[in-house]
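Residue-level structural notes
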Amino acid sequence: MRRRITFVGALFLLIFAILFLQLNDLQIVKASSLSDAPGNYSAVIKAFSTPRGEILTANGQVMAMTVPSKSQYKYQRVYPHGSLYSDVTGYYSLIYGTSGLEYEYNQYLQGKIAVPSSLSQLFSKSYSTDSLVTTISSKLQQTAYQALGSLKGAVVALNPSTGAVLAMASNPTYNPAPLASPSGTTEQNAWKSYNANPQQPLLNRAISRAYPPGSTFKIVTTSAIFDHDPRLARVNFPPVSSIALPQTTHHLHNYAYEVCGGELPVLLAVSCDTGFAQIGLRLGASNLHAEAENFGFNQVPPIDLPGAAASTFPPVSFFSQNLPQLAFSAIGQGDDQATALQMALVGAGIANNGTIMAPHLLSRIISGQDSTILSYQPKVWKVATSPSTAQKVAQLMVGVVKSGTAAGIALPGIEIAAKTGTAQTTLTRHSNIVGQSDNWMVAFAPVGHPKIAIAVVVPKQAGLSANPTGAQYAGPIVKAMIAAALGVKP
Amino acid sequence: MATTEQVRIRTRGYERRRRELELLIVADIVTIFAWVLGFYGLHPNGHIDFLNPWLTIVVLVPLGAHVANRHLAADADAILLPLATLLNGLGYVMIGVLDPTQAHLQALWTLISVFAYVVCIFFVRNPDSLDRYRYLLAILGIGLLFSPMLPGIGENIGGERLWVHLGSLSFQPVEVSKLLLAIFLTSLLVEKRDLLARLRGGGLRRFGPIALTFGLALAIMAVEKDVGFALLIFVTFVLVMWIGTGNRIYLLFGAVTFVLGLVVGGAVLPQVHQRISVWLDPWKHAATTGYQLIQAQYAFGIGGLSGTGLGLSHPTVPVATSDFIFAAFGQELGLLGTSAIIISFLLLIGAGLRVALRAHGEFSSLLAMTMTIILALQTFFILAGVIRVLPLTGMTLPFLAYGGSSLLTNYILLAILMRISHRSNQFNDLREGTTG
């Protein structure tokens, strides 16, 4: 019996050795992957008990910061300007995670245990945080929301030569403060009410939601003319109010059955759908598709924010048996979809001699000791077209402001290039009269040495007038933004 | 013939009790130190109150058990009580970090359990008396086992009908019942030992006892839905049968019936199947049944080598004070802490094995072995479950985890081991004394 008792003892040693091995695996080998795993709430709670870096505008206004708190988490995230910057900063919630820059640059923002500089610090954990300086201009951001007012819509303003995002607005938006509350109930209630709101305040329309770009897409079609078939620029299309489409008995009508025609400068200035539809059919699907992809369609723009959506232009094969769709795609309808960010990038590409710079919000990261530890270097995203094409398109867009649909945004002494867009989303049902449209404008200024490229979309919504247009709804916002950016009175 | 006075001098009781007191003081210092660390971890600027009544209970009560040992079991093993005190104290500190209210209750249960220990040491002067009253113990055990089924006092928690409520006190009678049934089966085995060992060839009688245990385990599983207890009692008794008889057929037969039980259990009880699938891939059930296990894995990962420090993290493992307390230790004390705990348990089991080896008389030896196996398997199964070596079986970590019934049972188990140890040491010392 003694032998068997000894044997059982050895057996126990063996099975406990297995436990010890597994513990080593969990606590040493897999330790870091387990503690960084998503859904590890202990790590999250720990993060909420340490200070967190500030997020600042380019001119030093605080968009997000932490303050000491009496709650169980020791620190609390506050957003001094309420909802003004929520589409940029995102939220920082214990329960619902993070979004926006809070998510993107978490590794810099989160507190790190400071390297002790004295003996006493060895025993007290002190944290150092890095601050994030963005490219956002507080003036332009405020202007964007003021100009939007109660309209549902999105505004994206870029610096065309660097890709820096100067303003990004999505209306209606939300206040990130209750989501950062130490009270779980406050957090849950805010989250519920934001999600129950049919206006979707948590949705960042500027980068995540694509709408039919309408006639603003004609910038791309015009660019395609010079890149693939420059003879089309000199073709004179006779004035008509509608054209017959190939392979079908359907017709394509101009906006409000207007009659238009002529050469390219006139076609773009008055945004002649019948003219551009014929241009699109003559360019062919592969040329138009190649041009759209050169401008960044069908790719997610490399912006440093989570949730950016790709804009879409249908594949070449889609048009081979369906030429009417090519006519619609050439005028930014049919299956074309674009985000405000994408259209701002199209404008910025034309403004910047055909080169689209990667859009970015990060300017630099500053350590706790006020030294810059990381500085953003502008990067090229796409070479959309040649400088000569870009200059020709820019001049044609100047014509849109001088004597075309965007005349309303003209500012004395400033050369502005722009293109309006009014996507009649009910077009396929031939009822393009009633006021249901997505209203756009893309612009940049001043031509030659542009400081701002901007895209505004005011999608269809209740409360718009009958027959709304991009000039009517997006125009005033564009004008206000350009005036604010260049420091002139609108 | 030695007089009573001479017996006292010849046995090494005084030496053993002095060693016990020294080790108890060490265990108490560790507990107080851990408590202070935990306190400052939770309240960095707080004012410490050393006259905390609950801490005082946890620290002083084992000294009461020591005094009882001096008078009633002076020759018993010196390291059993200090190890239990250390684990009990560390458990109290961790429960206090996680949930102060439960810690107060745990302190009260410590008081009750140590009192039960003293009562047990006092009344069970001779381990053989347990042999004599085995049927009484068996009836009591079965009665306790089925008490949660009684309407009015029984309660169903988490699909397992394990709890009895008397006023505000809740109690898991299974815990005590497993001890009583183990004593009964051990006693039965010793009586039929020769018969069982000698039996050759077929015959149903030979499989009688194992069939009885197996049937009991299955019945418990089916009625109370407590897989853990059924597994524990079954594996314990198969091992004890083999140790007692030396007949390997019992190991083989135990393995076969174990697989059979697993199949039957898996078919009858949905949670058996569920626990196995969660064990195989908890991430597939991350939001539901696998949540606990995944959070436990995270806790161990966060802890790493040296842990976050007591009171300095916020363990989010559900039921962290009871089933998953080891994960909380893994998080706050790291691998160093969990290793120390595993070593403490191994020492405790080793001490139990030593009692079994030295025990005077077959029943005492086998009973000590039964107690040690219960302690070892319980510890192993819950640890293996929490760190995902085996599926979870829902046992409690002896002495460390929150839970009055478990604490009480393990102190009674300790008292039985102490009693056996006292008898055998006294006997051995005397024999050495007379021969030497």
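Up top is the structure these notes are about.
Let me sum up the structure you'll find in this document. Note that this is a predicted model, so its numbers are computed, not measured.

The rules behind these values
Along each chain, residues carry numbers from 1 onward, in the same order as the chain's sequence is written. Each chain is given a letter, starting from A, and each ligand a number, starting from 1, according to the order in which they appear as written. Confidence filtering applies because this is a predicted model: local features only for residues at pLDDT of at least 70, side-chain atom pairs given and counted only at 80 or more, and all residues used for totals across whole chains, interfaces and linings. The basis for the side-chain values is all heavy atoms of the structure; hydrogens and waters are excluded. A run of H or I in DSSP becomes a helix once it reaches four residues, and a run of E becomes a strand once it reaches two; helices and strands are each numbered from the N terminus. Per-residue accessibility, obtained with a 1.4 Å probe over protein chains only, is compared with the maximum for each type, and a residue is labelled buried under 20%, exposed over 50%, and partly exposed between these values. The contact definition used throughout considers only heavy atoms, calling two residues in contact when any of these lie within 4.5 Å. Surface accessibility follows the Shrake-Rupley procedure with a 1.4 Å probe radius. Residue values consider only the protein chains on display as shielding. To define a nonpolar core, start from buried Ala, Val, Leu, Ile, Met, Phe, Trp, Tyr and Cys residues and group those joined through side-chain atoms within 4.5 Å. Buried area counts how much accessible surface, traced with a 1.4 Å probe, disappears from two parts once they are put together, with both parts' losses summed. By convention in these notes, a salt bridge is any Lys or Arg side-chain nitrogen within 4 Å of a carboxyl oxygen on Asp or Glu. Here the term charged refers only to Asp, Glu, Lys and Arg, the term nonpolar to Ala, Val, Leu, Ile, Met, Phe, Trp, Tyr, Cys and Pro, and the term polar to all other amino acids, Gly among them. Disulfide: a pair of cysteine sulfur atoms within 2.5 Å of each other. Each pair of strands is called paired provided DSSP finds at least two bridges between the two strands. To obtain an axis, a line is fitted to C-alpha atoms, over the contacting stretch when the element is a helix, and the angle between two such axes runs from 0 to 180 degrees between their N-to-C directions. In this scheme, roughly parallel covers angles under 35 degrees and roughly antiparallel covers those over 145, while 65 to 115 is roughly perpendicular and the rest are oblique. The sense of a crossing depends on the near helix, which, turned anticlockwise from the far helix by less than a right angle, makes the crossing left-handed and, turned clockwise, makes it right-handed. In this description, one arc is meant: the one made by directions from the helix axis to the C-beta atoms. Pairing of aromatic rings covers Phe, Tyr and Trp, the last counted by its six-membered ring, and requires centre-to-centre distances within 6.5 Å; plane angles under 30 degrees mean stacked, over 60 mean edge-to-face, and any other angle means tilted. Here, over-ring charges are defined by two tests on the NZ atom of lysine or the CZ atom of arginine: distance to the ring centre within 6 Å, and angle to the ring normal within 35 degrees.

**Looking at the overall build of chain B**
Scanning chain B from N- to C-terminus turns up 16 helices and three strands. Put simply, chain B has 436 residues, and 56% of those count as buried.

**Description of the overall build of chain A**
In terms of regular secondary structure, chain A is built from 19 helices and 21 strands. The buried share of chain A, reckoned over its 490 residues, is 55%. Contacts in chain A between residues far apart in sequence, at least 24 positions, make up 67% of those at least 6 positions apart. Counting only carbon and sulfur atoms, one obtains 56% of the accessible surface of chain A, whose full area is about 19600 Å².

**Quick look at the nonpolar core**
The biggest cluster of nonpolar side chains holds 132 residues, and the ones touching the most others in it are Leu19 of chain A together with Phe326, Ile373, Leu397 and Phe399 of chain B. Here this core takes 17 residues from helix α15 (residues 362-386) of chain B, the largest share from any one element. Met63, Ala206, Phe276 and Met481 of chain A belong to the second-largest nonpolar core, a separate cluster that totals 128 residues.

**Side note on the interface of chain A and chain B**
With 33 residues of chain A in contact, the opposing surface of chain B contributes 46 residues. Between chain A and chain B, roughly 3500 Å² of surface is buried when both sides are summed, and carbon and sulfur atoms account for 77% of that area. At the boundary of chain A with chain B, the tally comes to zero salt bridges. Mapped by element, the contributors of at least two residues to the side of chain A that touches chain B are α1 (2-29), α2 (31-35) and α3 (41-48) of chain A. Looking at which element gives the most residues to the side of chain A that touches chain B, the answer is α1 of chain A, with 20 residues. Here the residues of the side of chain A that touches chain B are counted per class, giving 21 nonpolar, 10 polar and two charged.

**What about the state of the cysteines?**
Residues and elements named next belong to chain A. Inspection of the entire model under this criterion finds one disulfide over all chains. One disulfide in the model links Cys260 with Cys272; its S-S distance is 2.0 Å. Where Cys260 bonds to Cys272 through sulfur, the torsion about that S-S bond is close to 80°, and the disulfide is right-handed. Taken together, the residues Cys260 in strand β14 (residues 260-262) and Cys272 in the loop between α11 (264-269) and α12 (273-283) connect sequence positions 12 residues apart. Per residue, the accessibility class of Cys260 equals that of Cys272, and both read buried.

**Considering the sheet that holds strand β9 (residues 153-158) of chain A**
Residues and elements named next belong to chain A. Taken together, the five strands give an open sheet; going across it, the order is β10-β9-β21-β20-β19, and neighbouring strands pair in antiparallel fashion. Looking at which strands have only one partner, the edges of the open sheet turn out to be β10 (165-171) and β19 (417-423). This sheet shows a mean twist of 5° between the axes of neighbouring strands, independent of strand direction. With six bridges joining them, β9 and β10 adopt antiparallel strand pairing. In the strand pairing of β10, Val155 is matched with Ala169.

**As for unusual backbone geometry**
Residues and elements named next belong to chain A. Cis geometry is found at the peptide bond from Asn171 to Pro172, where omega equals -5°. Within the fold, Pro172 resides in the loop between β10 and α8 (184-196). With omega at -15°, the peptide bond leading from Ala445 into Pro446 counts as cis. Turning to its location among the elements, Pro446 is positioned in the loop between β20 (438-445) and β21 (452-458). The backbone of Gln247 shows a phi angle near 60°, a positive value even though the residue is not glycine.

**A short note on the sheet that holds strand β2 (residues 62-68) of chain A**
Residues and elements named next belong to chain A. One open sheet holds the six strands; their spatial order is β3-β2-β1-β8-β16-β17, and the pairing between them is mixed. One side of each edge strand has no neighbouring strand; the edge strands of this open sheet are β3 (75-78) and β17 (372-375). Summarising the sheet, β2 and β3 pair through four bridges and their orientation is antiparallel. Residue pairing for β3: Pro68 is matched across the bridge by Tyr75.

**Points about the packing of helix α10 (residues 218-228) of chain A against helix α13 (residues 285-294) of chain A**
For any two helices packed against each other, one specifies the inter-axial angle together with the distance between the axes. Residues and elements named next belong to chain A. At a minimum axis separation of 9 Å, α10 and α13 run at an interaxial angle of 115°. In terms of their interaxial angle, α10 and α13 are classed as roughly perpendicular. Crossing hand, α10 versus α13: right-handed. Listed contacts from α13 to Val220, Thr221, Ser223, Ala224, Asp227 and His228 of α10 are Asn287, Leu288, Glu291 and Ala292. Taken together, the residues of the contact of α10 with α13 break down into four nonpolar, four polar and two charged.

**Side note on the pairing of β9 of chain A**
Looking down a regular strand, the side chains alternate between one sheet face and the other. All names here are of chain A. The buried fraction of β9 amounts to six of the six residues, a majority that puts the element mostly inside the structure. Of the two faces of β9, the one lined by Gly153, Val155 and Ala157 and the one lined by Ala154, Val156 and Leu158 are each fully buried. From the end of β9 to the start of β10, which pair antiparallel, there are six residues, and Gly163 there has a positive phi angle of about 85°. Bridge count between β9 and β21: five bridges; the pairing is antiparallel. Bridging from a neighbouring strand, Leu158 pairs with Ala453 of β21.

**A word on α13 of chain A**
Residue and element names in this part refer to chain A. Along α13, the positions that sit buried rather than exposed are Ala285, Leu288, His289, Glu291 and Ala292. Projected onto a plane normal to the axis of α13, the buried residues spread over an arc of 160° and lie on a single side. Buried positions along α13 lie against α10, α12, α14 (316-320) and α15 (323-330). Of the residues flanking the end of α13, it is Gly296, one or two places downstream, whose phi is positive at about 105°.

**Concerning the pairing of β20 of chain A**
Residue and element names in this part refer to chain A. With respect to burial, β20 is a largely interior element, eight of its eight residues being buried. Of the two faces of β20, the one carrying Asp438, Trp440, Val442 and Phe444 and the one carrying Asn439, Met441, Ala443 and Ala445 are both buried. Pairing of β20 with β21 involves seven bridges; the strand directions are antiparallel. Bridge pairing in β21 links Ala445 to Ile452.

**Details of the pattern of salt bridges**
Note on pairing: side chains with opposite charge can pair once their charged atoms come close. By the definition in use, this model includes 12 salt bridges over all chains. Here Lys178 of chain B and Glu175 of chain B are joined by a salt bridge, their closest N and O atoms 2.7 Å apart. Here Lys178 of chain B and its partner Glu175 of chain B are both found in helix α8 (residues 173-198), three residues apart, which amounts to about one turn of the helix. Glu175 of chain B carries the same exposure label as Lys178 of chain B, and that label is buried. One connected set of salt bridges, linked through shared partners, spans Arg52, Arg77 and Glu102 of chain A.

**Describing the packing of aromatic side chains**
The relation between two aromatic rings is expressed through the spacing of the ring centres and the mutual angle of the planes. Throughout the structure, instances matching the rule amount to 19 aromatic pairs over all chains. Arranged with centres 6.1 Å apart and planes meeting at 70°, the rings of Tyr91 of chain A and Tyr174 of chain A form a pair that is edge-to-face. Taken together, the residues span a long stretch of sequence, with Tyr91 of chain A in the loop between α4 (86-89) and β4 (92-93) and Tyr174 of chain A in the loop between β10 and α8 at a distance of 83 residues. Judged on exposure class, the residue Tyr91 of chain A and its partner Tyr174 of chain A are both buried. Centre to centre, the rings of Phe217 of chain A and Phe313 of chain A are 5.4 Å apart; their planes meet at 10°, and the pair counts as stacked. Of this pair, Phe217 of chain A sits in the loop between α9 (205-208) and α10 while Phe313 of chain A sits in the loop between α13 and α14, and the two are 96 residues apart along the sequence. Among the aromatic side chains, those forming a connected cluster through ring pairs are Tyr91, Tyr96, Tyr174, Trp191 and Tyr194 of chain A. One residue, Lys382 of chain A, lies across the ring of Trp381 of chain A, its end atom 5.8 Å from the ring centre. Note that Arg125 of chain B overlies the ring of Phe122 of chain B, its terminal NZ or CZ placed 5.0 Å from the centroid.

**Considering the environment of Ala407 of chain A**
Residues and elements named next belong to chain A. Tracing the backbone through its elements, the reader meets Ala407 in the loop between α17 (387-403) and β19. The exposure class assigned to Ala407 is partly exposed, which follows from its relative accessible area of 38%. Ala407 sits 64 residues away from Ala471 along the chain, and the two C-alpha atoms are 8.3 Å apart. If we skip the residues at most four places from it in the chain, Ala407 touches Val400 and Val401.

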